[in-house]
Amino acid sequence: MQQTLTGIAASAGVAIAKAFVHEEPTFNIERLNIENVEDEIGRLQDALSVSKQELSAIRDKAEAELGADKAEIFSAHLLVLSDPELVDSVSDKIKSDGQNAEFALNEVANMFITMFENMDNEYMRERAADIRDVTKRVLGHLLGIEARSLATLVEETIVIADDLTPSDTAQLNPVFVKGFATNVGGRTSHSAIMSRSLEIPAVVGTKEVTTQVKTGMMVIVDGLDGQVIIEPTEAQLTEYRKKKADYDKQKEEWAKLVLESTVSKDGEHVELAANIGTPKDLDGVIGNGAEAIGLYRTEFLYMGRDNLPTEDEQFEAYKEVVERMENKPVVIRTLDIGGDKELPYLDLPKELNPFLGFRAIRLCLEEQGIFRTQLRALLRASAFGNLKIMFPMIATMEELRQAKQMLQEEKDNLLADGIEISEQIEVGIMVEIPSTAVAADLFAKEVDFFSIGTNDLIQYTMAADRMNERVSYLYQPYHPAILRLVKMVIDAAHKQGKWAGMCGEMAGDEIAIPLLLGLGLDEFSMSATSILPARSQILSLSKTELSQFAEEMLQLSTADEVEQQVREQFINA
Ligand code: PEP
Ligand code: MG
């Protein structure tokens, strides 16, 4: 029976093929009283060592086929298997409680999984998935249950699964696996990230795809609109074959733009930049033709570990990014921790409203040791490329002045020690708090640039938590209030001869792009895979025409009206 499920579009493209339902083996784990402790520890060690051999082989394969950065997750998995906290706790339970190895391992792993899952930040929650993935492998060996490996698929297939673990995803051979769909996951889950780098169309978070699809059924995965069509009709097959052909052709066209600069139809250049979280993202940035890095979220350097990164570690990371960008601009944002991004080792008290609390620059101005270490690392790296420094969450002029003052002090200290620093480091701020947008004319006198952080600016302007599904209808990028704030910021920058960029998700949105171009935005910073479609769109737009249009849009009453006008005139035209 034909049926359509809706999920989250995780990786663009359309795939049509027969389904393979990848089922998790069911483990029946009973508690047994063991007789010989030494034998049981031996069984555990054997299962661990076979698992390590397998993981090393998968890591080598992933490194050869997908690159070193994609293989790193398996080094992390290998570390889990050698982690004394986990392994010793399991051995202790075998020795002291006489538990069988599988029961002890399951107990200990579940304890760690629950601990990580209950952390507020997404990065740490993903560590729970790593432990679950590794544990399953070891349990499989202890119980003698073999799961069919995805690596053995040798015909065109769409993989259907509850979730795909990193080791599942790395085994997918894009020659045969044309797409996948899962029950769980979001755009930032590991499987979604991997699917984008493999360029396999994927839909995640469908909730029930495994209960509706059986192996061998015909399935369409529409990674453009987040739909899974099960047992399509002839008419649907024809429709989606066309959609796939159109998209594939589109991609070939986009690929031709990698080395082009981004110039509107009437000859105005805008800069298309990429957002990154770590130097590992650089391959995608360069491969997709970014002209700059518009936002390097440095907090990822501080996360997933249990102590602060040293000045040298930070220096190496920043230096790598500016060097690989070969003098193209690189905007590095100072630590933006807090809100949904926690650092457990800082031991900060829980807050009722973390998004309105002690985060980002507020924390840095108080914890000066942390901030100054980062500033020194940034200043030292500035000698190796075109590095710009950006402060997040600025709400008042005092914060900006204090941050700049500390930067100047660290600069003086380094120069006094004879350390080389670039003489032209631009210093800017994120505009993500309404007070700063409204007073942008004042801030423009004291910064070199603005970057509008719409992810936060929208939530604060509309008073709608960006993480809360129930108020997501209020999260409206095209609301005239947001567009007016954006205009105020851009105009204020230009009046002082400064530039204005945007690094929130809105910058890569096809509805927002004509409006932002019309309002005079100078730099658009987005995820790397959005760059070529954005460039292609901008090449066909006239900035002069759009500036009149954008002014008119500011006078409309609702976000829906704005969206409809843009669609009619610039998307479906
Ligand atoms: C923003 O707020 O728009 C932004 C880019 O920062 P983040 O998403 O990291 O809060
Ligand atoms: Mg922000």
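Before reading on, note that the structure itself is shown above.
A. Representation of the overall build of the protein within the structure. Of the regular secondary structure elements, the protein holds 23 helices and 16 strands. Here the C-alpha atoms of the protein give a radius of gyration of 26 Å, agreeing with the 25 Å that 2.2 N^0.38 yields for 573 residues. Each principal axis of the C-alpha atoms in the protein carries an extent, and together these give about 80 × 65 × 40 Å. Every one of the 573 residues in the protein was classed for burial, and the buried ones make up 50%. Within the protein, contacts between residues at least 6 apart in sequence are counted, and of these 69% link residues at least 24 apart. About 25,700 Å² of surface is accessible on the protein, with carbon and sulfur atoms providing 49% of the total. Between the mean site of the 56 positive side-chain charges and the mean site of the 96 negative ones, the protein shows a separation of 3 Å.

B. Highlighting the sheet that holds strand 12 (residues 386-391). One closed barrel holds the eight strands; their spatial order is 9-10-11-12-13-14-15-16, and the pairing between them is parallel. Taken over all neighbouring pairs, the strand axes of this sheet differ in orientation by 25° on average, direction set aside. Across four bridges, strand 9 (residues 271-276) lies against strand 16 (residues 523-526) in parallel orientation. The residue of strand 16 that forms the bridge with Ala274 is Met526.

C. Looking closely at the site of ligand 1. If you check the shell around ligand 1, you find 14 residues, and the closest are Arg297, Arg333, Gly453, Asn455 and Arg466. Between ligand 1 and Arg333 there is a distance of 2.8 Å, counted from an oxygen atom to a side-chain nitrogen or oxygen. Between Glu432 and ligand 1, the recorded distance is 3.0 Å, taken from a side-chain N or O atom to an oxygen atom. At the level of elements, strand 10 (292-297) and helix 18 (454-462) are the ones that each hand at least two residues to the shell around ligand 1. With three residues, helix 18 is the largest single contributor of residues to the shell around ligand 1. When the residues that make up the shell around ligand 1 are grouped by side-chain class, the tally is three nonpolar, four polar and seven charged.

D. Broad picture of the environment of Lys244. Along the polypeptide, Lys244 turns up in helix 9 (residues 234-255). Separated by 230 residues in the primary sequence, Lys244 and Val14 have C-alpha atoms spaced 5.0 Å apart.

E. Representation of unusual backbone geometry. With a phi close to 75°, Asn327 is a non-glycine residue in the positive phi region. Phi is positive for Ala360, close to 50°, though the residue is something other than glycine. Locating Ala360 in the fold gives a position in helix 13 (residues 360-366).

F. Structural detail: the pairing of strand 15 (residues 499-502). The two faces of strand 15 match: Trp499 and Gly501 on one face and Ala500 and Met502 on the other face are all buried. Of the pairings in the sheet, the one linking strand 14 (residues 449-452) to strand 15 comprises four bridges and is parallel in character. For Ser451, the partnering residue across the bridge sits in strand 15 and is Gly501. Pairing of strand 15 with strand 16 involves two bridges; the strand directions are parallel. If you follow Met502 over to strand 16, its bridge partner there is Phe524. In this region the chain leaves strand 15, passes through helix 20 (residues 512-519) and returns to the parallel neighbour strand 16; the handedness of that crossover is right-handed.

G. Highlighting the coordination of the magnesium ion (ligand 2). Only Glu432 (OE) and Asp456 (OD) from the protein reach the magnesium ion (ligand 2) as donors, at distances of 2.1 to 2.2 Å. Pair noted here: Glu432 is in the loop between strand 13 (427-431) and helix 16 (434-438) and Asp456 is in helix 18, with a separation of 24 residues, a long-range link. The exposure classification of Glu432 matches that of Asp456, with both residues buried.

H. Main features of the pattern of salt bridges. Counting across every chain of the model gives 27 salt bridges. Two residues, Glu54 and Arg137, come together in a salt bridge whose shortest N-O distance is 2.9 Å. Separated by 83 residues along the polypeptide, Glu54 in helix 1 (residues 37-66) and Arg137 in helix 5 (residues 122-143) bring together distant segments of the chain. For Glu54, a relative accessible area of 28% puts it in the partly exposed group. Relative accessible area serves as the criterion here: at 18%, Arg137 is assigned to the buried category. Each of Glu311, Asp312, Arg372, Arg376, Arg380, Glu409 and Glu410 takes part in a single network of salt bridges with overlapping partners.

I. Fine view of the packing of aromatic side chains. Per the stated rule, a full pass over the model turns up six aromatic pairs. Residues Tyr296 and Tyr318 carry aromatic rings whose centres are separated by 5.9 Å and whose planes lie at 80° to one another, so their mutual orientation is edge-to-face. With a gap of 22 residues between them, Tyr296 in strand 10 and Tyr318 in helix 12 (residues 311-324) connect regions that are remote in the sequence. Between the aromatic rings of Phe549 and Phe570, the centroid separation amounts to 4.8 Å while the plane-to-plane angle is 70°, which identifies the pairing as edge-to-face. One end of the pair, Phe549, is in helix 22 (residues 543-553); the other, Phe570, is in helix 23 (residues 559-571), with 21 residues separating them in the sequence. The ring of Phe384 carries Lys319 above its face, with NZ or CZ at 5.0 Å from the centroid. Seen from the ring of Phe315, Arg380 lies directly overhead, with NZ or CZ sitting 4.2 Å from the centre.

J. Region of interest: helix 12. A rise of 1.5 Å per residue sets the reference length of helix 12, with its 14 residues, at 20 Å; its end C-alpha atoms lie 20 Å apart and thus fit the reference within 8%. Every buried residue of helix 12 is listed here: Glu311, Gln314, Phe315, Ala317, Tyr318, Lys319, Val321 and Val322. Within two residues after helix 12, Glu326 carries a phi angle of roughly 45°, on the positive side.

K. View of the packing of helix 22 against helix 23. Packing of helix 22 against helix 23 brings their axes to within 10 Å, and their N-to-C directions diverge by 155°. By the criterion of interaxial angle, the relationship of helix 22 to helix 23 is roughly antiparallel. Here the hand of the crossing between helix 22 and helix 23 comes out right-handed. Contacts between helix 22 and helix 23 involve Leu546, Phe549 and Met553 from the first element and Val562, Gln565, Val566, Gln569 and Phe570 from the second. Counted by class, the contact of helix 22 with helix 23 contains six nonpolar, two polar and no charged residues.

L. Seen up close, the sheet that holds strand 7 (residues 218-222). What the eight strands build is an open sheet, ordered 1-8-7-3-4-5-6-2; its pairing is mixed. Sheet topology places strand 1 (3-6) and strand 2 (8-11) at the edges, where each strand pairs with a single neighbour. For this sheet, the mean inter-axis angle between neighbouring strands, taken without regard to orientation, is 30°. Where strand 2 lies against strand 6 (residues 202-204), three bridges are found, and the strand directions are antiparallel.

Parameters at a glance
Residues numbered from 1 in each chain as written. Chains lettered and ligands numbered in written order. Predicted model: local features only at pLDDT ≥ 70, side-chain atom pairs only at ≥ 80, totals over all residues. Heavy atoms only, no water. Helix = DSSP H or I, 4+ residues; strand = E, 2+ residues; numbered from the N terminus. Rg over C-alpha atoms; globule rule 2.2 N^0.38 Å. Buried < 20%, exposed > 50% of the residue type's maximum accessible area, 1.4 Å probe, protein only. Contact = heavy atoms within 4.5 Å. Areas by Shrake-Rupley, 256 points an atom, 1.4 Å probe, with all protein chains shown as cover. Lys, Arg positive; Asp, Glu negative; His and termini not counted. Charge placed at Lys NZ, Arg CZ, Asp CG, Glu CD. Pairing = 2+ DSSP bridges. Axes fitted to C-alpha atoms, helices over the stretch in contact; angles between N-to-C directions. Near = heavy atom within 4 Å. Polar contact = N/O pair within 3.5 Å; in protein donor to acceptor, adjacent residues only side chain to side chain. Nonpolar A, V, L, I, M, F, W, Y, C, P; charged D, E, K, R; others polar. Right-handed = clockwise from strand over helix to strand, strands pointing away. Donors = N, O, S within 2.8 Å, 3.2 Å for Na, K, Ca; no water. Salt bridge = Lys/Arg side-chain N within 4 Å of Asp/Glu carboxyl O. Phe/Tyr/Trp six-rings, centres within 6.5 Å; stacked < 30°, edge-to-face > 60°. Lys NZ or Arg CZ within 6 Å of the ring centre and 35° of its normal. Expected span 1.5 Å × (residues − 1). Parallel < 35°, antiparallel > 145°, perpendicular 65-115°, else oblique. Left-handed = near helix turned anticlockwise from the far one by under 90°.

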